[in-house]
2 protein chains.
Amino acid sequence: MKIGFIGLGIMGKPMAKNLLKAGYNVVCYSRTKKDIDDVVAAGAEAGTSSADVASQVDLVITMLPNSPEVKSVVLGEGGILEGAREGLIIIDMSSIAPLASQEIAAACALKGVRLLDAPVSGGEPKAIDASLAIMVGGDLDLFEEVKDILLVMGGSAVHCGPIGAGNTTKLANQIIVALNIAAVAEAFTLVRKAGVDPSLVFDAIKGGLAGSTVMNAKAPMMMDSNYKPGFKVDLHIKDLANALDTGHQVGSPLPLTALAREMMETLHADGYGGDDHSALARYYAKVSGTKIGEE
Amino acid sequence: MKIGFIGLGIMGKPMAKNLLKAGYNVVCYSRTKKDIDDVVAAGAEAGTSSADVASQVDLVITMLPNSPEVKSVVLGEGGILEGAREGLIIIDMSSIAPLASQEIAAACALKGVRLLDAPVSGGEPKAIDASLAIMVGGDLDLFEEVKDILLVMGGSAVHCGPIGAGNTTKLANQIIVALNIAAVAEAFTLVRKAGVDPSLVFDAIKGGLAGSTVMNAKAPMMMDSNYKPGFKVDLHIKDLANALDTGHQVGSPLPLTALAREMMETLHADGYGGDDHSALARYYAKVSGTKIGEE
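**Student:** Explain the relation of the copies chain A and chain B residue by residue, including any values.
**Tutor:** Each of the two chain copies can be brought onto the other by rotation about an axis and movement along it. Here chain A sits on chain B after a turn of 180° about the axis and a move of 0.0 Å along it, with an RMSD of 0.0 Å. Expressed as a symmetry operation, the mapping of one chain copy onto the other fits a two-fold axis. When C-alpha positions in chain A are compared against the rotation axis, the closest is assigned to Ser212(A), at 1.9 Å. Most of the interface of chain A is mirrored in chain B, where 98% of its interface residues are also at the interface.

Here you go:
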């Protein structure tokens, strides 16, 4: 079976390579020639445009930065729909706004093209070792039809509801992760300013109700002032912005998310957008007058 | 050995009874005669005042609502210091402001009385079955001296640093718990308003970076609209107010905590102060126009 793959960035490239390793033929396309060459060297064919890729296959996977890029690649000039035959399946694995997924799916349906939204969590390391968590929205039968292909790229693939539900789930995940990180950063900054060793507090509370995967993963990074990504602040800003837009559209105010987003915008403005999102501790260092390296 | 126990509320009463069960003699005092009678029926002696209790023992445990009550019981008229001999040990197991612990300890030291702050987490069920998590601040040797007595009431007792460090640790715990609850409530409200089943989202994300003890414990309560405490909103407001006061005093702004506290104040004003703190979901139901029972 030949699979189209469009978008060969940090995530898309290892995902496409995992499809090749699993024995699938892949025809790929990306804006960046060098990325195409890299995946071709691993055994893929090169398409000349998104439309060209779509014309050669029954299934196209997209892995793109955000909603506008997915709209352009699917619906735009030289895009997937231009080359698609009726019955084509698109799996959009980008993390985008759920309402954008719904709009794109509706436009696809007019041409007999079916779409699933299937964003992932786990980042580059899990893209490389094919252990991504994949959250899927769309028709359940279609999900079952492509599940084996998803599991070539991920460790799990969960159907979360109708089209957009994958991205809604991803946004919920990103809200909770951002706020759990901020909670640890806010609490540990207080602890430090109050003259108490954060590592003792960490040991005292991690086993109780305050315990979280975020605390276990990020508190040690904060205590070491090590903000090597991991998941970058700038990408988390994108997700929180999509969450806030979605909240406004469906009538669900997100006051804590709005505040966490502004904290991350502060980091971005300070030049730390490329840091791991645990760098929220830098925000608290800044507002509490703590010297850099002591946060 | 005879131990003084002052403050026989929901927490203090089962803690005093556990000391009795372990074979300690207990002399107790509380503002409420009925509570004294109850603990006396379990084998304790009754003191006539805090000073009277202190005059009979080498170790007094206090379990009181907040900083002002502890100041009054230790330093006030008819209080512990009035009856204390030099060398008396006070273990204050109340959850109060760390700076209050430091002030009280300093006043005690002038009379040769030593104090540990040793707040607990776990609530009434863990007070009853003696599995409280006890966070201790103060002299390390003194902590080691009384650790066995603490472990009659708790499942763990961790030394967190100098006097006040127990309460600082408790505040960090309460900040993180409040914000992790609010994070789940905020994200799950968005999910519901976006037309996605929260239980599918819960299953999809609980195993990843968003996972937390709070999510596992509280998301099911929110999905069932079951807010039976557990830990009451009004008590959490007290802890967050102490955290904010402490933050202001040590120069550590707590913007997310301030917002979560205002959300809890909204619940209090709406008559939900006696609900479990997972009722933060009610706040989001309110601001998103969701009908009660659907939150």
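That was the structure; now back to the text.
**Student:** Any chance you could break down the packing of aromatic side chains for me, citing the residues and the numbers?
**Tutor:** Residue and element names in this part refer to chain A. Per the counting criterion, the structure on display carries two aromatic pairs over all chains. Here the aromatic rings of Tyr 283 and Tyr 284 are separated by 5.3 Å at their centres, their planes lie at 90°, and the arrangement is edge-to-face. Its relative accessible area of 14% is what places Tyr 283 among the buried residues. Judged by its relative accessible area of 1%, Tyr 284 falls in the buried class. The ring of Tyr 272 has Arg 282 sitting right over it, with the charged end atom 4.0 Å from the ring centre.

**Student:** An account of the domain arrangement of chain A is requested, with residue identities and associated values reported.
**Tutor:** Residues and elements named next belong to chain A. Here chain A is partitioned into domain 1 (2-162) and domain 2 (168-288). Taking only C-alpha atoms, the centre of domain 1 and the centre of domain 2 are 30 Å apart. Each side of the interface is counted separately: domain 1 has 13 residues, and domain 2 has ten residues. Inspection of the domain 1/domain 2 interface yields zero salt bridges. On inspection of domain 1 and its partner domain 2, the count reaches five residue pairs in polar contact (both at pLDDT 80 or more). A per-class count over the side of domain 1 that touches domain 2 returns nine nonpolar, four polar and no charged.

**Student:** Can you lay out the side chain of Ser212(B) for me, pointing to particular residues and giving the numbers?
**Tutor:** Within the secondary structure, Ser212(B) is located in the loop between α10 (198-205) and α11 (213-223). Given a relative accessible area of 5%, Ser212(B) falls into the buried group.

**Student:** Give me the lowdown on the confidence of the model for chain A, citing residues and values where you can.
**Tutor:** Residue-level pLDDT values for chain A average 97, and 99% of them are 70 or greater. Among the scores for the predicted complex, ipTM is 0.95 and pTM is 0.95.

**Student:** So what's going on with unusual backbone geometry? Which residues, and what values?
**Tutor:** Cis rather than trans, the peptide bond between Pro229(A) and Gly230(A) has omega equal to 10°. If you trace the backbone, Gly230(A) turns up in the loop between α11 (213-223) and α12 (233-250). Here Ser225(A), not a glycine, exhibits a phi torsion of approximately 50°, which is positive. Along the chain, Ser225(A) falls in the loop between α11 and α12. Under the relative-accessibility criterion, Ser225(A) is labelled partly exposed at 24%. In the Ramachandran plot, Ala130(B) falls in the positive-phi region, its phi being about 60° despite a non-glycine side chain. You can see Ala130(B) is positioned in the loop between α7 (123-128) and β8 (132-137).

**Student:** Break down the interface of chain A and chain B for me, with residues and values.
**Tutor:** Facing 59 residues of chain A, the contacting portion of chain B comprises 58 residues. A buried area of about 4,700 Å², summed over both sides, lies between chain A and chain B, and 75% of it is on carbon and sulfur atoms. Where chain A packs against chain B, one counts zero salt bridges. Seen at the junction of chain A and chain B, the total is eight residue pairs in polar contact (both at pLDDT 80 or more). Elements that contribute at least two residues to the side of chain A that touches chain B include exactly β9 (154-161), α9 (165-193), α10 (198-205), α11, α12, α13 (255-269) and α14 (280-287) of chain A. When residues in the side of chain A that touches chain B are grouped by element, the largest group, 20 residues, is from α9(A).

**Student:** A description of helix α13 (residues 255-269) of chain B should follow, citing residues and the corresponding values.
**Tutor:** With 15 residues, α13(B) ought to run about 21 Å at 1.5 Å a step, and its terminal C-alpha atoms sit 21 Å apart, in line with that. Leu256(B), Thr257(B), Ala260(B), Met263(B), Met264(B) and Leu267(B) are the residues of α13(B) that are buried. Viewed end-on, α13(B) has its buried residues packed into an arc of 120°, placing them on one side of the element. Tucked into the core, α13(B) has its buried residues touching α9, α13 and α14 of chain A together with α9 (165-193), α12 (233-250) and α14 (280-287) of chain B. Downstream of α13(B) by a residue or two, Gly271(B) has a phi angle that is positive, lying close to 90°.

**Student:** For the packing of α12(B) against α13(B), give the residues involved together with the corresponding values.
**Tutor:** All names here are of chain B. Contact geometry of α12 with α13 gives a least axis separation of 9 Å together with a crossing angle of 150°. Classified by the angle their axes make, α12 and α13 are roughly antiparallel. For the pair α12 and α13, the crossing hand works out as left-handed. Judged by residue contacts, Val 233, Asp 234, His 236, Ile 237, Leu 240, Ala 241 and Leu 244 of α12 engage Thr 257, Ala 258, Ala 260, Arg 261, Met 264, Glu 265, Leu 267 and His 268 from α13.

**Student:** With reference to specific residues and values, describe α10(A).
**Tutor:** Burial in α10(A) covers these residues: Pro198(A), Val201(A), Phe202(A), Ala204(A) and Ile205(A). Projection of α10(A) onto a plane perpendicular to its axis shows the buried side chains occupying an angular sector of 165°, all on one side. Those residues of α10(A) hidden inside the fold are in contact with α9 and α11 of chain A together with β8, β9 (154-161) and α9 of chain B.

**Student:** Quick rundown of the pattern of salt bridges? Include the residues and the values.
**Tutor:** For the structure shown, the criterion picks out 27 salt bridges over all chains. Salt bridges here are not isolated pairs; linked through shared partners, they connect Lys13(A), Lys17(A), Asp35(A) and Asp38(A).

Rules used throughout
- Residues numbered from 1 in each chain as written.
- Chains lettered and ligands numbered in written order.
- Predicted model: local features only at pLDDT ≥ 70, side-chain atom pairs only at ≥ 80, totals over all residues.
- Heavy atoms only, no water.
- Least-squares fit on C-alpha atoms with pLDDT ≥ 70 in both.
- Contact = heavy atoms within 4.5 Å.
- Phe/Tyr/Trp six-rings, centres within 6.5 Å; stacked < 30°, edge-to-face > 60°.
- Buried < 20%, exposed > 50% of the residue type's maximum accessible area, 1.4 Å probe, protein only.
- Lys NZ or Arg CZ within 6 Å of the ring centre and 35° of its normal.
- Domains from an automatic or database assignment.
- Salt bridge = Lys/Arg side-chain N within 4 Å of Asp/Glu carboxyl O.
- Polar contact = N/O pair within 3.5 Å; in protein donor to acceptor, adjacent residues only side chain to side chain.
- Nonpolar A, V, L, I, M, F, W, Y, C, P; charged D, E, K, R; others polar.
- Helix = DSSP H or I, 4+ residues; strand = E, 2+ residues; numbered from the N terminus.
- pLDDT = per-residue confidence, 0-100.
- Buried area = accessible area lost by both parts, 1.4 Å probe.
- Expected span 1.5 Å × (residues − 1).
- Arc of directions from axis to C-beta.
- Axes fitted to C-alpha atoms, helices over the stretch in contact; angles between N-to-C directions.
- Parallel < 35°, antiparallel > 145°, perpendicular 65-115°, else oblique.
- Left-handed = near helix turned anticlockwise from the far one by under 90°.

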